[in-house]
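# Descriptive structure summary
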Amino acid sequence: MISLREVLSWKNAIPSEPPIPKKTILISGLETVIETMSQIEADEFLSRRIRPLLIQIQNSWTDCGIVFGFSSHKKAFSEVSLDEEVHFHRRDKKTIRLSEGLWDGSATMNMKRITRDDAENGKEITVGYYVARIS
């Protein structure tokens, strides 16, 4: 796991190798940032700072996955079925359009929902979203 602060420091120079010798990097801190910014600032931060950086990372480390860790309850996330967009509902009840900000909103072609079975109630629970590549 690495901090969002460290990832943001790569803006001008992605390291030649991932910081850890694994296939997946877990990044912490994104939730805190988008919770503390205004709704407009958070949307712009995702689309103008995070998405371009993700594209740089995926082009540099072609076999490495990126995961953003969130500590929020599963109900903080929703999918808008009409356009298959993923939303994050902040504690202040404002909505951040994650799929638009992180992977250009083309969720119908790029996103897969990751689920697990909940043995207690026999339902499927969404645990995350997978995007192979941002185009």
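Going by the structure above, here's the rest.
Described below are features of the structure shown in this document. What you see is a predicted model; the values in this text were computed from it and never measured.

## Brief notes about the overall build of the protein
The secondary structure content of the protein amounts to five helices and eight strands. Secondary structure elements of the protein occur, N-terminal to C-terminal, as β-α-β-α-α-β-β-β-β-α-α-β-β. The C-alpha atoms of the protein give a radius of gyration of 15 Å, which matches the 14 Å a tight globule of 135 residues would have. For the protein, the spread of C-alpha atoms along the three principal axes comes to 45 × 35 × 25 Å. Partitioning the intrachain contacts of the protein with sequence separation of at least 6 by distance along the chain shows that 55% fall at a separation of at least 24. In the structure as shown, the protein presents an accessible area of about 8600 Å², 50% of it carried by carbon and sulfur atoms.

## Observations regarding the nonpolar core
Residues Leu 30, Ile 50 and Leu 102 are the most contacted members of the largest nonpolar core, which totals 29 residues. Breaking this core down by element, the ones donating at least two residues are α1 (4-8), β2 (24-28), α2 (30-36), α3 (39-60), β5 (85-89) and α4 (98-103). Ranked by residue count, the leading element in this core is α3, at seven residues. Excluding residues that lie within four positions of it along the chain, Ile 50 makes contacts with Leu 4, Leu 8, Leu 30, Phe 45, Phe 68 and Leu 102.

## Observations concerning the sheet that holds strand β4 (residues 77-80)
An order of β4-β5-β6 is seen for the three strands of this open sheet, with the pairing classed as antiparallel. This sheet does not close on itself; its edge strands, each paired only once, are β4 and β6 (95-97). The average undirected angle you get between the axes of adjacent strands in this sheet is 35°. Where β5 and β6 come together, three bridges link them in antiparallel fashion. Residue pairing for β6: Phe 88 is matched across the bridge by Ile 96.

## Some remarks on the packing of aromatic side chains
Throughout the structure, instances matching the rule amount to four aromatic pairs. Ring geometry for Phe 70 and Phe 77: centres 5.3 Å apart, planes at 80°, overall edge-to-face. Phe 70 gets classed as partly exposed once you look at its relative accessible area, which sits at 23%. Here a set of aromatic residues connected by ring pairs shows up, and it is made of Phe 70, Phe 77 and Phe 88.

The rules behind each value
- Residues numbered from 1 in each chain as written.
- Predicted model: local features only at pLDDT ≥ 70, side-chain atom pairs only at ≥ 80, totals over all residues.
- Heavy atoms only, no water.
- Helix = DSSP H or I, 4+ residues; strand = E, 2+ residues; numbered from the N terminus.
- Rg over C-alpha atoms; globule rule 2.2 N^0.38 Å.
- Contact = heavy atoms within 4.5 Å.
- Areas by Shrake-Rupley, 256 points an atom, 1.4 Å probe, with all protein chains shown as cover.
- Core = buried A, V, L, I, M, F, W, Y, C linked by side-chain atoms within 4.5 Å.
- Buried < 20%, exposed > 50% of the residue type's maximum accessible area, 1.4 Å probe, protein only.
- Pairing = 2+ DSSP bridges.
- Axes fitted to C-alpha atoms, helices over the stretch in contact; angles between N-to-C directions.
- Phe/Tyr/Trp six-rings, centres within 6.5 Å; stacked < 30°, edge-to-face > 60°.

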